[in-house]
Amino acid sequence: MADTPRPGSADDRRLLRRIAWGDVEALTALYDRYADALFGHALWRTGRRQDAEDLVHDLFVRLAERGAALVLVRDPRAYLHRMLRNDAVARRKASPPSTVELDEAVMVPTSENPARAAEASQLMTRLARLPDEQRLVVALHLLEGFSFREIADAEHVSLFTIASRYRLALQRLRREAGVEKP
């Protein structure tokens, strides 16, 4: 993987410029580079596999339609995640779910060790009970490797707000695990 450019790199900006001029191969390359991370973000945001897939596919269609505006993008990684966030918020406003139930795909433990799998399952259940905004910060920071600054930029909120959501999420997770008293 040493030859794979780092997400958000100058190579990504070149891909966006090529997409701006209608290069479908550049769109495919950007999709290959970011689809999994965007899908993970969308899955944590929506809780449903089908909704997450729709968000990611719609995002790349809209990206292809952006044209010359893509030339001005400084941080493609943050830009794509911000687009995803905006699309998810717009969908939720258009048809808010009555209840949010995370799809089983979000809850699947990945460890083959039964004890670790049970712990992972309990953690995923606790994560699912977090408020959406806190759950998303935890997922983006711990699972996707975003810095708090990158999350703040993508979510259009202050760095303090993101740090606070993360802190509150960890406190709640510790409290539910019995590690911290209320």
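Residues numbered from 1 in each chain as written. Predicted model: local features only at pLDDT ≥ 70, side-chain atom pairs only at ≥ 80, totals over all residues. Heavy atoms only, no water.

Description of the overall build of the chain
Stage number 1. Regarding its fold elements, the chain presents nine helices and zero strands.
Stage number 2. For the chain, the N- to C-terminal ordering of α and β elements is α-α-α-α-α-α-α-α-α.
Stage number 3. Within the structure as shown, the chain displays about 10,600 Å² of accessible surface, and the carbon and sulfur contribution to it stands at 53%. (Helix = DSSP H or I, 4+ residues; strand = E, 2+ residues; numbered from the N terminus. Areas by Shrake-Rupley, 256 points an atom, 1.4 Å probe, with all protein chains shown as cover.)

Let's talk about helix α3 (residues 49-65)
Stage number 1. With 17 residues, α3 extends 25 Å between its outermost C-alpha atoms, agreeing within 8% with the 24 Å of an ideal straight helix rising 1.5 Å per residue.
Stage number 2. Here α3 has its buried residues at Ala52, Leu55, Val56, Leu59, Phe60 and Leu63. In a view along the axis of α3, the buried residues occupy a sector of 125°, so they form one face of it.
Stage number 3. In the stretch just after α3, Gly67 is the one whose phi turns positive, near 65°. (Expected span 1.5 Å × (residues − 1). Buried < 20%, exposed > 50% of the residue type's maximum accessible area, 1.4 Å probe, protein only. Arc of directions from axis to C-beta.)

Topic: the confidence of the model for the chain
Stage number 1. Looking at the chain, the pLDDT average stands at 80 and 79% of residues meet or exceed 70.
Stage number 2. Within the model, the stretch residues 104-109 combines pLDDT values under 50 with twelve contacts to residues more than four positions away or in other chains. (pLDDT = per-residue confidence, 0-100. Contact = heavy atoms within 4.5 Å.)

Comments concerning the pattern of salt bridges
Pairs can form between side chains of opposite charge once their charged atoms are near each other.
Stage number 1. Applying the stated criterion across every chain yields a total of 15 salt bridges.
Stage number 2. Taking the shortest distance from any N to any O, the salt bridge between Asp11 and Arg14 comes out at 3.8 Å. With Asp11 and Arg14 both in helix α1 (residues 10-20) and three residues apart, the pair spans about one turn of that helix.
Stage number 3. Take Arg14: its relative accessible area is 43%, and that puts it in the partly exposed class. (Salt bridge = Lys/Arg side-chain N within 4 Å of Asp/Glu carboxyl O.)

Regarding the packing of aromatic side chains
Stage number 1. Per the stated rule, a full pass over the model turns up two aromatic pairs.
Stage number 2. Plain terms: the ring middles of Tyr31 and Phe60 are 5.0 Å apart, the flat faces sit at 70° to each other, and that makes the pair edge-to-face. Of this pair, Tyr31 sits in helix α2 (residues 24-46) while Phe60 is found in helix α3, placing the two residues 29 residues apart along the sequence.
Stage number 3. Taking relative accessible area as the criterion, Tyr31 reaches 29% and is therefore assigned partly exposed.
Stage number 4. Sitting above the plane of the Phe146 ring, Arg77 keeps its charged end 3.8 Å from the centroid. (Phe/Tyr/Trp six-rings, centres within 6.5 Å; stacked < 30°, edge-to-face > 60°. Lys NZ or Arg CZ within 6 Å of the ring centre and 35° of its normal.)

With respect to the nonpolar core
Stage number 1. Among the nonpolar cores identified, the biggest contains 25 residues, and Ile19, Leu30, Leu38, Phe60, Leu63 and Leu70 are the most heavily contacted of them.
Stage number 2. For this core, the secondary-structure elements that each account for two or more residues are α1, α2, α3 and α4 (76-94).
Stage number 3. With eight residues, the single largest contributor to this core is α2.
Stage number 4. Those residues in contact with Leu30 that sit more than four places away from it in its chain are Asp12, Leu15, Leu16, Ile19, Phe60, Leu63 and Leu80.
Stage number 5. Trp44, Leu136, Val137 and Phe146 belong to the second-largest nonpolar core, a separate cluster that totals 16 residues. (Core = buried A, V, L, I, M, F, W, Y, C linked by side-chain atoms within 4.5 Å.)

Details of α2
Stage number 1. Here α2 spans only 28 Å end to end across 23 residues, well under the 33 Å set by a 1.5 Å rise per residue.
Stage number 2. Considering bend angle alone, the principal kink of α2 is centred on Tyr34 and spans about 50°.
Stage number 3. Put simply, Asp23 is the residue that caps the front of α2, since its side-chain oxygen is 2.9 Å from the backbone nitrogen of Glu25.
Stage number 4. Following α2 by one or two positions, Gly47 adopts a phi angle in the positive range, close to 80°. (Bend = angle between axes of the 7 residues up to and from the residue. Polar contact = N/O pair within 3.5 Å; in protein donor to acceptor, adjacent residues only side chain to side chain.)

Digging into the packing of α2 against α3
Stage number 1. Following both chains from N to C, one finds α2 and α3 inclined at 140°, their axes separated by 8 Å at the closest point. When the axis of α2 is compared with that of α3, the two are oblique. Note that α2 runs across α3; the crossing there is right-handed. Touching Leu27, Leu30, Tyr31, Tyr34, Ala35, Leu38, Phe39, Ala42, Leu43 and Thr46 of α2 are Arg49, Asp51, Ala52, Glu53, Leu55, Val56, His57, Leu59, Phe60, Leu63 and Ala64, all from α3.
Stage number 2. Counted by class, the contact of α2 with α3 contains 16 nonpolar, two polar and three charged residues. (Axes fitted to C-alpha atoms, helices over the stretch in contact; angles between N-to-C directions. Parallel < 35°, antiparallel > 145°, perpendicular 65-115°, else oblique. Left-handed = near helix turned anticlockwise from the far one by under 90°. Nonpolar A, V, L, I, M, F, W, Y, C, P; charged D, E, K, R; others polar.)

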